[in-house]
Amino acid sequence: MSKVFHAVPAAGAQLVAAVIAVIAAIALATPAHAQETKPMPPLDQQLQSIVSNPLRPLASLSVLAIRDGKVTYLHSFGERRIDVSGGSKGEAAGSQTLYRVASVSKLVAAIAALHLVEQGKLDLDADISRYLGFNVRNPYFPDTAITTRMLLSHTSSLRDEGGYSFPVDVTLGSVLLPAGKNYGKGLQWAAPIAGSNRAPGKYFEYCNFNWGVIGSVIEAVSGQRFDRYMQQAVLAPLHIRGGYNAEELTQDDINNLAVLYRKQGSDEVWNTAGPWVVQTDDYQGKLPAPRKGLDSYIPGSNATLFSPQGGLRISAAGLSRIMLMLMSGGELDGARILSATSVNAMLSEQWHYDAAAKNGDNYQGLFQAWGLGAQHFSDTSAAHAGDRVVAGGGFKGYGHLGFAWGLNSGFIFDPVARNGMIYIIGGVGADPDKNRGEYSSLNIWEEQILDVLYRGAIVGP
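Residues numbered from 1 in each chain as written. Predicted model: local features only at pLDDT ≥ 70, side-chain atom pairs only at ≥ 80, totals over all residues. Heavy atoms only, no water.

Description of the overall build of the protein chain
On a plain count of helices and strands, the protein chain comes out with 12 helices and 18 strands. Overall size of the protein chain, expressed as C-alpha extent along the three principal axes, is 100 × 50 × 50 Å. Considering the protein chain as a whole, with its 461 residues, one finds that 54% of them fall into the buried category. Sequence-distant contacts, at least 24 apart, represent 65% of the contacts inside the protein chain between residues at least 6 apart. As displayed, the protein chain offers around 20,400 Å² of accessible surface, 54% of which is attributable to carbon and sulfur atoms. Both charge centroids of the protein chain, one from 37 positive and one from 40 negative side chains, sit 1 Å from each other. (Helix = DSSP H or I, 4+ residues; strand = E, 2+ residues; numbered from the N terminus. Buried < 20%, exposed > 50% of the residue type's maximum accessible area, 1.4 Å probe, protein only. Contact = heavy atoms within 4.5 Å. Areas by Shrake-Rupley, 256 points an atom, 1.4 Å probe, with all protein chains shown as cover. Lys, Arg positive; Asp, Glu negative; His and termini not counted. Charge placed at Lys NZ, Arg CZ, Asp CG, Glu CD.)

Here you go:
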């Protein structure tokens, strides 16, 4: 029903003006959350319900969808910094939030390696001993050279059991060589097993240490520290904030960095109803102090210092620029990072799981095929196992997943249809081992996020 307003005398007009002024002042003083708000769009509601699920809460979530080569959805939920005291001093996650994205970092590092291949400085099939300055061999297979291609495809015969992150006073040579003082029991090398060929180039086993070695090769070839070369070759040309070394982030980056959490205490017991427990990147808004000895570090000697396997701090929007670059044959907004030939090489199949041949560990069905630093998502599905991305299937692609410190992340795209999805979870509140997905080896919340995002932002409006 409409209302009709009539003119009022001058004295009355002054009173009306005063009343309006008071009402305006009250409105300005009213907290934003107390004012009328518009209902959430359906996709926002669905994602918020996943984040807020009391049985499986998430600390924060940033998601992004690309349809036909264009970003169609970008949104964040939860808090990048939680007031663990139970107060209200938390800070919301947003479009500028940076996360330490764990193993998605590997895909970005692989781009830098291929960049050096294009420049003629690195040969994917050459013995890496040529670059590192010492003879790199699995002592159980001394006649087989190890190559960068093997490192990028997780077929090098290196293993994580001997460690994959070492301090500044440790060199890779001292870890890899049997006579080295940090060689230990030699668990960093795969040993022969009857009925399965574990020689370099023959067997797939996902290994973080591969990327510490790749980072060192990148340093030896480029003459620069890994973290700085990544800035120069990939991040800066694409105008992406963040980096692999928290010590060299800007103050603005630190101010927007997500703390990573999980609801698991020092006793390793999960308590969904309990408090969020800080895992990493809680810098309290302060730039971290440089590590001692880093100023005299020799590039090529131990790039594990910069976590090539999992140290990249980046936003969902930043990852989208990498995805769009790969979708566009290696170029974005006039910045050529790779040739189309190199992108194709990166995505080309290097290993495919063959159960009969016992040619690899498929990690409970999650890994079916692999390229050069990029997982192939083949839409394989079984009960609680497989690499299927969405319910019912229909999405095949390439990319990488991340899982560490309570964080889950995913970077998955179809370069032909030019569709893609990115998700970054800043902390999980339930035991991942007890919350496996229904149709894949992902966790149930990852399945739900990907399926909702796919149907709401790629298939739907």
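Here the narrative resumes.
As for unusual backbone geometry
The residue Ser 307 is not glycine, and still its phi comes out positive at about 50°. Counting through the fold element by element, Ser 307 comes out in the loop between strand 6 (277–280) and strand 7 (313–314). Positive phi values are uncommon outside glycine, yet Asp 333 reaches one of about 50°. Mapped onto the secondary structure, Asp 333 falls in the loop between strand 8 (331–332) and strand 9 (335–336).

Some points on the pattern of salt bridges
All told, the structure shown has 16 salt bridges when counted by the stated rule. Put simply, Arg 81 and Glu 91 hold a salt bridge, and the shortest N to O gap is 3.8 Å. Taken together, the residues span a long stretch of sequence, with Arg 81 in strand 2 (residues 70–81) and Glu 91 in strand 3 (residues 91–92) at a distance of 10 residues. Owing to a relative accessible area of 16%, Arg 81 belongs among the buried residues under this scheme. When its relative accessible area of 32% is taken as the criterion, Glu 91 is described as partly exposed. (Salt bridge = Lys/Arg side-chain N within 4 Å of Asp/Glu carboxyl O.)

Some details on the sheet that holds strand 5 (residues 260–262)
An order of 6-5-18 is seen for the 3 strands of this open sheet, with the pairing classed as mixed. Looking along the sheet, the strands with just one partner apiece sit at the ends: strand 6 and strand 18 (427–428). When strand 5 meets strand 18, the two strands line up parallel, connected through 2 bridges. Along strand 18, the bridge assignment pairs Tyr 261 with Gly 427. (Pairing = 2+ DSSP bridges.)

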